[in-house]
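Letter by letter, the chains look like this.
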Amino acid sequence: MKIKVAQDTYLVGIGVSPGIAIGAVSLLDQRPHVDKSLIETTEVEAELLRFHQALERAREQLQKIKQAVSRQKHLREHLYILDTHLLILEDEMLVDGTEQAIRAQMNAEGALLQVLGQLRALFDNIDDEYLRERRSDVDAVGERLLRILTGVSERTVGNIGQKSLVVAHNLSPAETMQMDRSNVLGFITDKGGRTSHTAILARSLDIPAVVGLESVTSMVYDRLPVIIDGSSGVVVLNPSEGTFKEYLDRKQSYEYLEKDLECYRDLSAVTTDHVSIALRGNLEIASDIVQAKKHAAQGIGLYRTEFLYLGRNEPPNEEEQYTSYCEILRQTAGEPVTIRTLDIGGDKFVPELNLEDEANPAMGLRAIRFSLHEEQLFRVQLRAILRASSCGNVRILFPMISGVSEIRACKKILEEIQEQLDCEGISYDKDLDIGIMIETPSAVLIAPMLAEEVDFFSIGTNDLIQYFLAVDRGNEHVAYLYDPLHPAILRALKATCDAANDAGIGICICGEMAGESLYSLVLVGLGLNELSMNPSCIPRVKRVLRQVSREEGELLVEKLLALSTSKEVSTVIDQEMRNRLPDIFAQPRI
Ligand code: PEP
Ligand code: MG
């Protein structure tokens, strides 16, 4: 019996890959049903064997997918995801934990399910979104094993026979890679987050996608008409004729705008009064370099090195880091690559580094404080960065500096390493620029003093907003207070930009605000000459910047600084941008 779906049922999830797709559902089954049962002691050996056979079978399946994927040039750089899954199959907690549960007389699938639950709980306690999302890789491997154990055949997203919108409880990165682009118009899932590998892949493949819809699989059936908007995260089930027409129009204007944006790829971001703004890319993981190149990013304004430390028992050694940095430098051909030293602790948790629990982690031993505390680890990273600086244009960036003595301590260590390298006859860039992230209120207030110590500032608005407004950036209960347009934030940005410009040092924003094209005029008016963002945001920001002037931006900032609430600030910005660039900003927001 078909479920009844009311006309125009609107759902909102997380839009992870932009674009509008309109089509009929292809519902990808059906999670394997697992019967947890107790077994006799005499059955333990047989269950252990069954579990190991499942591991072997999963390995074979992944190797087969790897072979198929490696033949597709545009997917090759994602092969590491399948390698991660192969590594998870060897993970001690997963394998030993399941074996132990089987020995405690649980059947293999029950034992595995229990261990997957424990691993999930570990990941759920991680505040950092990117790291938390790595649990989706464990889930994908777990589901593969459960399918094998329960005899449910592998799903066939690779051979969907007709043009469809794929709806699934979850999609593994392996499945996403196998998607037949000519038939999959888009996909929506119950699970998933913005930075899951599946989301990253969807963006690479240019497939509109919305994830995290919680229970959409129980609300649809095969061939139900659906609209998905991968930019806003809106999904409309069973659209009425009016809604269908409205979205068809939106789809056309989106596609027109995208086509138009392609024309900007090789143009520079210069305002109408001839101010050049460097638009750089943020790298969360090494493969983001592909997107950065696709959108002609002028180098990398923020290379988050945390991912190098993930999913391993030991931190990466100097050689490994040196190789990774050089690889990115090789791909950016002389453009600056801003390598941020390890920014973990607090909301960014790397289980492998065995950080202690802290009562107040956001204000605890995180970022530069951790590096200065674990000086040996810090020295290894600095040596690797310095050595890599002889391969290209490296800038070094220290996170969460809250006072002058901290940056002096970093510079002292850096100088000692430079002396060592000189003694060893190892070359490095002696004029390498040193910068700091401006993320704390104290750094804003003493920005003129900090400016005397460094070559550039990079404003980390994600944290700056959290610390200025005392709002945990990961806590959904206070999310309504997390406001980039708060008058205090505008003042903090103005003070930091003024201090940098007065001192004649570089000034950049690398927090999420930089990529929001609605704020581009404000940012240029504040005096920023460099913005670093998720590479996919570059074309839109560039297009806006080419149609506005710094002078107009300065006038707008002056107006905004006289306002006392973020609501007023937001209304003025909305109006201003809609009037200036109606083709980009006139679309009603849902
Ligand atoms: C920031 O805080 O704005 C920033 C760019 O750093 P992260 O998001 O990595 O903390
Ligand atoms: Mg930060």
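Note that the structure is predicted; figures quoted are calculated from it, not measured. (Residues numbered from 1 in each chain as written. Chains lettered and ligands numbered in written order. Predicted model: local features only at pLDDT ≥ 70, side-chain atom pairs only at ≥ 80, totals over all residues. Heavy atoms only, no water.)

Novice: Got a sec to walk through the coordination of the magnesium ion (ligand 2)? Specific residues and values, please.
Specialist: Taken together, Glu439 (OE) and Asp463 (OD) make up the full set of protein donors to the magnesium ion (ligand 2), lying 2.1 Å away. Of this pair, Glu439 sits in the loop between strand E13 (433-438) and helix H15 (441-445) while Asp463 sits in helix H17 (residues 461-469), and the two are 24 residues apart along the sequence. Side by side, Glu439 and Asp463 carry an identical accessibility label, which is buried. (Donors = N, O, S within 2.8 Å, 3.2 Å for Na, K, Ca; no water. Helix = DSSP H or I, 4+ residues; strand = E, 2+ residues; numbered from the N terminus. Buried < 20%, exposed > 50% of the residue type's maximum accessible area, 1.4 Å probe, protein only.)

Novice: Break down the domain arrangement of the protein chain for me, citing the residues and quoting the values.
Specialist: The domains assigned to the protein chain are domain 1 (9-30 + 155-242), domain 2 (41-150), domain 3 (256-273 + 447-590) and domain 4 (278-438). Between the C-alpha centres of domain 3 and domain 4 there is a distance of 25 Å. On the domain 4 side, the residues contacting the 33 residues of domain 3 number 38 residues. Around 2,900 Å² of area is buried between domain 3 and domain 4 when both sides are counted, 55% of it from carbon and sulfur atoms. Considering only the side of domain 3, the residues that lose the most area to domain 4 are Glu453, Phe456 and Pro535, jointly responsible for 22% of the buried surface there. Linking domain 3 with domain 4 are 5 salt bridges, by the criterion used here. Glu453 serves as the salt-bridge partner of Arg408, at 2.9 Å between the closest nitrogen and oxygen. Applying the counting rule to domain 3 against domain 4 returns 24 residue pairs in polar contact (both at pLDDT 80 or more). Within the residue set of the side of domain 3 that touches domain 4, elements represented by two or more residues are helix H16 (447-451), strand E14 (456-459), H17, strand E16 (530-533) and helix H20 (538-545). Looking at the side of domain 3 that touches domain 4 residue by residue, the classes come out as 17 nonpolar, 9 polar and 7 charged. (Domains from an automatic or database assignment. Contact = heavy atoms within 4.5 Å. Buried area = accessible area lost by both parts, 1.4 Å probe. Salt bridge = Lys/Arg side-chain N within 4 Å of Asp/Glu carboxyl O. Polar contact = N/O pair within 3.5 Å; in protein donor to acceptor, adjacent residues only side chain to side chain. Nonpolar A, V, L, I, M, F, W, Y, C, P; charged D, E, K, R; others polar.)

Novice: Which residues make up empty space enclosed by the protein, and what are the values?
Specialist: Tallying each qualifying case throughout the model produces 2 cavities of 30 Å³ or more. The wall of the largest cavity is formed by 13 residues, among which Arg304, Arg340, Met437, Glu439 and Asn462 lie closest to the centre. Within the residue set of the lining of the largest cavity, elements represented by two or more residues are strand E10 (300-304) and H17. Here the lining of the largest cavity is composed, by residue class, of 3 nonpolar, 3 polar and 7 charged. (1 Å grid on protein atoms, 1.4 Å probe; cavity = no way out; pocket = protein on both sides within 12 Å on 5 of 7 lines; lining within 4 Å. Points joined across faces, edges and corners; volume = space filled by probe spheres on them.)

Novice: Can you lay out the pattern of salt bridges for me, pointing to particular residues and giving the numbers?
Specialist: Once the charged atoms of two side chains with opposite charge are near each other, the side chains can pair. For the coordinates displayed, the defined rule picks out 36 salt bridges. Between Lys412 and Glu416 there is a salt bridge, with the nearest N and O atoms lying 3.2 Å from each other. Of this pair, Lys412 and Glu416 are both found in helix H14 (residues 404-424), 4 residues apart, which corresponds to roughly one turn of the helix. Residue Lys412 is classed as exposed on the basis of its relative accessible area, which comes to 52%. The shortest N-O distance in the salt bridge between Arg580 and Glu576 comes to 2.8 Å. One end of the pair, Arg580, and the other, Glu576, are both in helix H22 (residues 566-580), 4 residues apart, so they sit about a helical turn from each other. Look at the salt bridges and you will find they share partners, linking Glu306, Arg340, Asp343, Arg366 and Asp463 into a network.

Novice: A description of the sheet that holds strand E2 (residues 14-17) should follow, citing residues and the corresponding values.
Specialist: Read from one edge to the other, the open sheet built from 8 strands follows the order E1-E8-E7-E3-E4-E5-E6-E2, with strand pairing classed as mixed. One side of each edge strand has no neighbouring strand; the edge strands of this open sheet are strand E1 (9-12) and E2. Averaged over all neighbouring strand pairs, the angle between strand axes comes to 30°, with direction disregarded. Two strands pair when backbone bridges link them, and strand E7 (residues 225-229) and strand E8 (residues 234-237) are joined in this way by 4 bridges, in the antiparallel orientation. The residue of E8 that forms the bridge with Val226 is Leu237. Docked against the sheet, helix H9 (residues 241-262) engages E1, strand E3 (20-27), E7 and E8, running at close to 120° with respect to E3. (Pairing = 2+ DSSP bridges. Axes fitted to C-alpha atoms, helices over the stretch in contact; angles between N-to-C directions.)

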